[in-house]
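What follows is the residue order along each chain.
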2 protein chains.
Amino acid sequence: MTEESAQPERIGVLRPTLEAVAELAGVSRATVSRVVNGGAGVRASLRERVQRAVEELGYVPNQAARTLVTRRNDAVAVVVAEPESRVFSDPFFAQQLRGIGKELSAADSQLVLLLVEDTGDYQRVGRYLAGGHVDGALLFSLHQDDPLPAMAHRVGLPTVIGGRPWAATDRDQLYVDTDNRGGARLAVGHLAALGRRRIATITGPLDQTSAADRLDGYRDILPDGDPQLIAESDFTQEGGGRAMAELLARRPDVDAVFAASDLMASAALRVLREHGRRVPEDVAVVGFDDLESVAAWTDPPLTTVRQDIEDMGRLMARLLLRRLAGNGGADAARTTPASVITPTRLVVRASA
Amino acid sequence: MTEESAQPERIGVLRPTLEAVAELAGVSRATVSRVVNGGAGVRASLRERVQRAVEELGYVPNQAARTLVTRRNDAVAVVVAEPESRVFSDPFFAQQLRGIGKELSAADSQLVLLLVEDTGDYQRVGRYLAGGHVDGALLFSLHQDDPLPAMAHRVGLPTVIGGRPWAATDRDQLYVDTDNRGGARLAVGHLAALGRRRIATITGPLDQTSAADRLDGYRDILPDGDPQLIAESDFTQEGGGRAMAELLARRPDVDAVFAASDLMASAALRVLREHGRRVPEDVAVVGFDDLESVAAWTDPPLTTVRQDIEDMGRLMARLLLRRLAGNGGADAARTTPASVITPTRLVVRASA
DNA sequence: TTGAAAGCGCTAACAC
DNA sequence: GTGTTAGCGCTTTCAA
């Protein structure tokens, strides 16, 4: 009994198989399988007998065996290529995940969250995705040369990316993005309409398309702007504060700031106050995101560009699910979903 | 081509199998399998030939098939029974997850995070755990009658719980907990030693053992305390602020507060200031957790009970991995790991 | 060292 | 309706 053998020599609980249930119920495996999977086309009396047997034995289908034949997992991976210190401090992810979770639950699919902490993790996560543990993947926070989309494409794993990817690995790579450029134009246009003439911007990390696109929107409105008025930052509170201080040093006459995230805008507000500037009288400030927990509670409340983050998550999940569902047919072309750019709108509060 | 058939009619990329690699390399499936799994006992020349074939075909083993025979997944679930709004706002989880992630990476096991949002999710998560997708599970934030441990036990899934469970489902249910009671004694003892005589406490939700145990520690030091000095709260910032206001209303002469979390303590600090109390002169405050991002940055910096959260995560993972490893033998008794209570210590800063 | 062959537990034709 | 049967892709004896 000590050595492994072909016989079912298990350590803990002996998990019953379809076979065992079939025997106990006095039917064939096929019938048990039918009952377990909905029971369509099985006489009621038999069905009940089988159900009792399932109950009695505490039978739970072995997913590996099932997946092996059906090629479905009813699970979807969400991969976030960001240290968890950021994943867990930025409300952005939480909201996005909430949307995704809701949509997947409705489809009875399990959300599996994978965090890519450092470079070494890529291999393991890649193996996980390639190994067929999930039916599809939602990829987030991809930086410029992230290998994940290519990996997924290589093994044929359906994928939707959060945010516009830098380059399409795949002709029909699906993604969901906010209209970052349009949103930025809204913000900067508003400041210009207010009569501000020295409008600065605090950007996100420019190796992310969201940050780059927002800067492009800024430039759309101010094509001849002073480069001194552009401070590159990183979407965090600390970074935003630093950038604001820098701008103040470079151009003390700055009279407006478009910060590419609410977190950065809130830090800018604080730094401006510390430097004796009144908002919005001396300097008008506009953020981006409209995070409920931030924008409404700053002093003064933040004028910002609203994007519906939870809805983006929902959309991503829906896109993926539709692609998964649309597998079978030759009519793929008709049912193939397309990438989505969600709209933004300006929410005017007191800061600008 | 439109209908499903037994033939490999796939939609996207045709994923190569062992068979295909074997054919291309001109060897048997067994040999390919050996190479893929480390290549022990295969002649170098053959090994290389196989590796080239694997490379060329972009072969990735099908995990479902592998799991079906090995009964291993190299994946571990972390289940958090808490709405993500809390998971993502409380740094506690992030730290714990970091510890777990590190330990699992080292064992080349994939961390799979499952969030239980509402009651409906239990079924799906239960099915996921029972379905054999993971080798084991780490369970967090279990409330009083949480069905998860029983579910896991029922299907024989090795499990380690974060925090002491209310009742052991299983004789040798493993868990990792902080010495909550001892830590609370440290905190309250410190306040008493400072000469404080009207020491209040703000508790966590008393349906969680961590909160209940900390309250017990408080009572150990103050067995005859005034019940008016005890305010039940919920570990959040909002709750902590409310509780502090309440205490101030009930006992304006309060001269010390032991808050059962740093988040609550920081809110208490703010409320005390708003009520014109100086800390620590009028009211001394001690927290619990020693969250880097909170305790050191409050004004004044928080005296608190330190628990090494990341290490707890690490410990949980290690316990689980050891249990997983210790499966095979009859010597299970000797290698069986036992639950752990991690020590606490008082970190004295300016608030008490 | 290598290959042949027997399953792991399940689903899905297909036949009755 | 129900049972029989043939795999899904892999690992692992066992023999050569």
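It should be emphasised that the depicted structure is a prediction, and the values quoted were computed from it without experimental measurement. (Residues numbered from 1 in each chain as written. Chains lettered and ligands numbered in written order. Predicted model: local features only at pLDDT ≥ 70, side-chain atom pairs only at ≥ 80, totals over all residues. Heavy atoms only, no water.)

### Here we look at the protein's contact with DNA strand D
Around DNA strand D, a shell composed of 29 residues is seen, among which A:Thr31, A:Arg43, B:Leu18, B:Arg29 and B:Tyr59 lie nearest. If you look at DNA strand D and keep only atoms within 4 Å of the protein, 61% of those are sugar or phosphate atoms. Within the side chain of B:Ser33, an N or O atom sits 2.7 Å from a phosphate oxygen of DNA strand D. Residue B:Arg66 places a side-chain N or O atom 2.7 Å away from a phosphate oxygen belonging to DNA strand D. (Near = heavy atom within 4 Å. Polar contact = N/O pair within 3.5 Å; in protein donor to acceptor, adjacent residues only side chain to side chain.)

### Some words on the nonpolar core
Membership of the largest hydrophobic core comes to 51 residues, with the highest contact counts inside it found for A:Val78, A:Ile100, A:Leu138, B:Val78, B:Ile100 and B:Leu138. Here the element with the most residues in this core is helix H14 (residues 309–325) of chain A; it accounts for 8 residues. In terms of nonpolar packing, the next biggest core, distinct from the first, is built from 46 residues, A:Leu148, A:Tyr175, B:Val112 and B:Tyr128 among them. (Core = buried A, V, L, I, M, F, W, Y, C linked by side-chain atoms within 4.5 Å. Buried < 20%, exposed > 50% of the residue type's maximum accessible area, 1.4 Å probe, protein only. Helix = DSSP H or I, 4+ residues; strand = E, 2+ residues; numbered from the N terminus.)

### Things to note about the protein's contact with DNA strand C
Near DNA strand C there are 29 residues, and of these A:Leu18, A:Arg29, A:Tyr59, B:Thr31 and B:Arg71 occur at the shortest range. For DNA strand C, the fraction of protein-proximal atoms (within 4 Å) that sit in sugar or phosphate groups is 65%. Separating a phosphate oxygen of DNA strand C from a side-chain N or O atom of A:Asn37 is a distance of 3.2 Å. Every element with two or more residues in the surface near DNA strand C is listed here: helix H2 (29–36) and helix H4 (63–70) of chain A together with helix H2 (29–36) and helix H4 (63–70) of chain B. Sort the elements by how many residues they give to the surface near DNA strand C and H4(A) lands first, with 5 residues.

### So, the sheet that holds strand E12 (residues 345–347) of chain B
The strands that make up a sheet are held in pairs by hydrogen bonds between backbone atoms, and each pair lies either parallel or antiparallel. All names here are of chain B. With mixed pairing, the 6 strands of this open sheet are ordered in space as E7-E6-E8-E9-E10-E12. Among the strands making up the open sheet, the edge pair consists of strand E7 (230–232) and E12. Each strand of the sheet is rotated relative to its neighbour by a mean of 20°, with strand direction disregarded. Sheet topology places strand E10 (residues 303–306) next to E12; 3 bridges connect them, and they run antiparallel. Within E12, the position partnered with Val 305 by the bridge is Leu 346. Contacts between helix H10 (residues 209–221) and the sheet are confined to strand E6 (199–203), E7, strand E8 (256–259) and strand E9 (284–289), with E6 contributing the most and set at about 170° to the helix. Packed onto the sheet, helix H12 (residues 262–274) meets E6, E8, E9 and E10 and runs at close to 160° relative to E9. (Pairing = 2+ DSSP bridges. Axes fitted to C-alpha atoms, helices over the stretch in contact; angles between N-to-C directions. Contact = heavy atoms within 4.5 Å.)

### Focus on the interface of chain B and chain A
The interface of chain B with chain A comprises 48 residues on the first partner and 48 residues on the second. Here chain B and chain A share an interface that buries about 4,300 Å² over both sides, 54% of which is from carbon and sulfur atoms. Together, B:Phe88, B:Gln110 and B:Arg124 form the three largest contributors to the area buried by chain B at its contact with chain A, with a combined 16%. At the junction of chain B with chain A, the criterion picks out 2 salt bridges. Ionic pairing is found between B:Arg127 and A:Asp108, a salt bridge with its closest N-O pair at 3.0 Å. (Buried area = accessible area lost by both parts, 1.4 Å probe. Salt bridge = Lys/Arg side-chain N within 4 Å of Asp/Glu carboxyl O.)

### Observations regarding the relation of the copies chain B and chain A
Structural alignment of chain B on chain A gives an RMSD of 0.1 Å, achieved by rotating through 180° and translating 0.0 Å along the axis. The relationship between the two copies is best expressed as a two-fold rotation axis. (Least-squares fit on C-alpha atoms with pLDDT ≥ 70 in both.)

### Observations concerning H10(B)
All names here are of chain B. For H10, with 13 residues, the first-to-last C-alpha span of 19 Å sits near the 18 Å given by 1.5 Å per residue. Every buried residue of H10 is listed here: Thr 209, Ser 210, Ala 211, Ala 212, Asp 213, Arg 214, Leu 215, Gly 217 and Tyr 218. Its buried side turned inward, H10 meets strand E5 (174–178), helix H9 (180–193), E6, E7, E8 and E9. (Expected span 1.5 Å × (residues − 1).)

### A word on the packing of helix H1 (residues 18–25) of chain B against H2(B)
Residue and element names in this part refer to chain B. Between H1 and H2, whose axes approach to 8 Å, the crossing angle comes to 105°. Classified by the angle their axes make, H1 and H2 are roughly perpendicular. Facing H1, whose interface residues are Leu 18, Glu 19, Val 21 and Ala 22, H2 presents Arg 29, Val 32 and Ser 33. Considered class by class, the residues forming the contact of H1 with H2 number 4 nonpolar, 1 polar and 2 charged. (Parallel < 35°, antiparallel > 145°, perpendicular 65-115°, else oblique. Nonpolar A, V, L, I, M, F, W, Y, C, P; charged D, E, K, R; others polar.)

### A closer look at the domain arrangement of chain A
For chain A, the assigned domains are domain 1 (18–70), domain 2 (75–178 + 311–341) and domain 3 (180–306). The centre of domain 1 of chain A, based on its C-alpha atoms, is set 61 Å off from the matching centre of domain 3 of chain A. (Domains from an automatic or database assignment.)

### Some points on the pairing of strand E10 (residues 303–306) of chain A
Here is the key point about a regular strand: its side chains alternate between the two faces of the sheet. Where strand E9 (residues 284–289) of chain A and E10(A) come together, 4 bridges link them in parallel fashion. Pairing of A:Phe288 across the sheet is with A:Val305, part of E10(A).

### Focus on the side chain of A:Thr209
Residues and elements named next belong to chain A. With respect to the helices, strands and loops of the structure, Thr 209 is situated in helix H10 (residues 209–221). A polar side-chain atom of Thr 209 sits 2.6 Å from the main-chain carbonyl oxygen of Arg 164. Sequence-distant contacts of Thr 209, that is, excluding residues within four places in its chain, are made with Arg 164, Pro 165 and Trp 166.

### Brief notes about the environment of A:Ala352
Residues and elements named next belong to chain A. Locating Ala 352 in the fold gives a position in the segment after strand E12 (345–347). Judged by relative accessible area, Ala 352 falls into the buried class, the value being 12%. The spacing of Ala 352 and Pro 301 is 51 residues in sequence and 9.3 Å in space, taken between C-alpha atoms. Those residues in contact with Ala 352, other than ones at most four positions away along the chain, are His 190, Leu 191, Leu 194, Pro 280, Ala 284, Val 285, Val 286 and Thr 303.

### Quick word on unusual backbone geometry
Residue and element names in this part refer to chain A. A cis geometry characterises the amide bond from Asp 299 onward to Pro 300, with omega recorded as -5°. Although it is not a glycine, Asp 290 adopts a positive phi angle of roughly 55°. What makes Asp 290 buried here is its relative accessible area of 9%.

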